[in-house]
Amino acid sequence: MKIKKNIQLIDQHDKFGFWGGKFGGNFIPETLKKPVEDLEILFKKLRKDKKFIKERDYYFKNWLGSPTRFIKLHNLTNYLGGAQIWAKVVSDLNGGAHKSLNATVHCLIAKRSGKKSVCGDTGAGYAGKMLSMAAKKFGLKCKIFMGAKDIKRQKPNCDAMRKNGAEIIPVYTGSQTLVDAVSECMRYWVSNCDTTHMCVGSTVGPNIFVKICGWSTSQISRELFKQIKKEFGRIPKKVKLLNCVGGGSSSFGFWNEFMHYDKKQVEFIGIEAGGPKKSKRHAAPLTYGSKIGILHGAAQYVNQDFEGQIEETESISAGLDYPGVSPLHCFLKDTKRARYTAATDEEALSAYKLVTKFENLSPSLEPSHAFAEAIKLAPKLNKDTIIIVNSCGDAHKDRDILKQRLGKF
Ligand SMILES: *Cc1c(COP(=O)(O)O)cnc(C)c1O
């Protein structure tokens, strides 16, 4: 398995939709084939449509506030005494995280196809919150499918979705969580695809949703590429790009523009959620798993028991608490272009503490996992190495957990 040069990674799948011949695909019911095919055709056209690109760039800039900052963390660098630590502050975006990039593109596609509504699924509620925010901006009706159990656990995000005018559809089947919400949302989409566009909140799901999301979040590395060149005059000899990995949309978007650099020059390190130190449960299928399974219409490394049943995950960060991972990352793992590791809940909390002690930056628990790895690596390296962490979310959403676990926010 090899990565091809000069072709975008999102396009390096075979005719059946598989990356590396085995990750991704379209494991969907017959009834979904037509709407999925229609969306594939539309997206293929829109990607080449200059007016559409201009529109995307306009809203990224004038609504989401792109480009986001690229800053040096001087105090943390001095304290750790090794590699330089920098941050790409993607949490600057309207909505406080990168999910707004994908949600914006999906709403623009919906408008282009003449649809008046969007639907989407959500687990912890952030994907739903961002989609409802974008739907409100573009005057679209919005339905969010959410497990009944999650609705109880994630009240602030549900309030935010309702405030944005979205209707939350509680899902009572199965485990009453994300997995069931996805199935229910797809079922709804099949019967309403003439009027409704469906959005998947990360680089997961059937092939086309992986592609649209990866295409949208690549904005992060497009900005970063220019910012690094401006700062250093070139791409330095040793760069390490650290990003937490849940579904994998922020990390893929953070890396895409650097895909064809040698990994000795620009290394990609993905950090998954290792869960509580004392628990066997985790959300790190790339780090600890080796078995491929099917989840949400795609083949991928996924936490599963010996019978192939999807296993429950555990993590302090809601955004990383997902048993599977994007087929793009499975491909990057197998080709060895990226390396994956995990940080525990405790390590993420300590990293949050250290970053906020030294810097005026408040990363949410997801990027705190990536900072944990930066803190481990930096002292072993010298100042010629540039570590860049994607600070993809803001800790405001985690204030209750942080108060409970650290006694402060
Ligand atoms: C949703 C979320 C993630 C995890 O999703 P990816 O698709 O892996 O990016 C990470 N960080 C934040 C802040 C999130 O909201």
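Residues numbered from 1 in each chain as written. Predicted model: local features only at pLDDT ≥ 70, side-chain atom pairs only at ≥ 80, totals over all residues. Heavy atoms only, no water.

**Some remarks on the domain arrangement of the protein chain**
And then number 1: Looking at the assigned domains, one finds that the protein chain contains domain 1 (29–60 + 99–214) and domain 2 (65–96 + 218–406).
And then number 2: The interface of domain 1 with domain 2 comprises 20 residues on the first partner and 26 residues on the second.
And then number 3: Across the interface of domain 1 and domain 2, roughly 1,900 Å² is buried in total on both sides, 64% from carbon and sulfur atoms.
And then number 4: When the area that domain 1 buries against domain 2 is broken down by residue, the three leading residues are F60, L101 and Y126, summing to 25%.
And then number 5: Across the contact surface, domain 1 and domain 2 share 0 salt bridges.
And then number 6: Taken together, the links from domain 1 to domain 2 amount to 7 residue pairs in polar contact (both at pLDDT 80 or more). (Domains from an automatic or database assignment. Contact = heavy atoms within 4.5 Å. Buried area = accessible area lost by both parts, 1.4 Å probe. Salt bridge = Lys/Arg side-chain N within 4 Å of Asp/Glu carboxyl O. Polar contact = N/O pair within 3.5 Å; in protein donor to acceptor, adjacent residues only side chain to side chain.)

**As for the packing of helix α9 (residues 207–217) against helix α10 (residues 219–232)**
And then number 1: Close contact between α9 and α10 brings their axes to 4 Å; oriented N to C, the two are set at 25°. On the basis of the axis angle, α9 is roughly parallel to α10. For the pair formed by α9 and α10, the contact residues are W215, S216 and T217 on the first element and Q219, I220 and S221 on the second.
And then number 2: Within the contact of α9 with α10, the residues separate by chemical class into 2 nonpolar, 4 polar and no charged. (Axes fitted to C-alpha atoms, helices over the stretch in contact; angles between N-to-C directions. Helix = DSSP H or I, 4+ residues; strand = E, 2+ residues; numbered from the N terminus. Parallel < 35°, antiparallel > 145°, perpendicular 65-115°, else oblique. Nonpolar A, V, L, I, M, F, W, Y, C, P; charged D, E, K, R; others polar.)

**Observations concerning the site of the ligand**
And then number 1: Surveying the vicinity of the ligand reveals 15 residues, the closest of which are K99, S202, G248, S249 and S250.
And then number 2: With respect to the ligand, the side chain of S202 contributes an N or O atom lying 2.6 Å from an oxygen atom.
And then number 3: Note that an oxygen atom of the ligand is positioned 3.1 Å from one of the backbone N or O atoms of G247.
And then number 4: In the complex, 97% of the free accessible area of the ligand, which totals 390 Å², lies under the protein chains.
And then number 5: Of the residues contributing to the shell around the ligand, the split by class is 3 nonpolar, 10 polar and 2 charged. (Near = heavy atom within 4 Å. Areas by Shrake-Rupley, 256 points an atom, 1.4 Å probe, with all protein chains shown as cover.)

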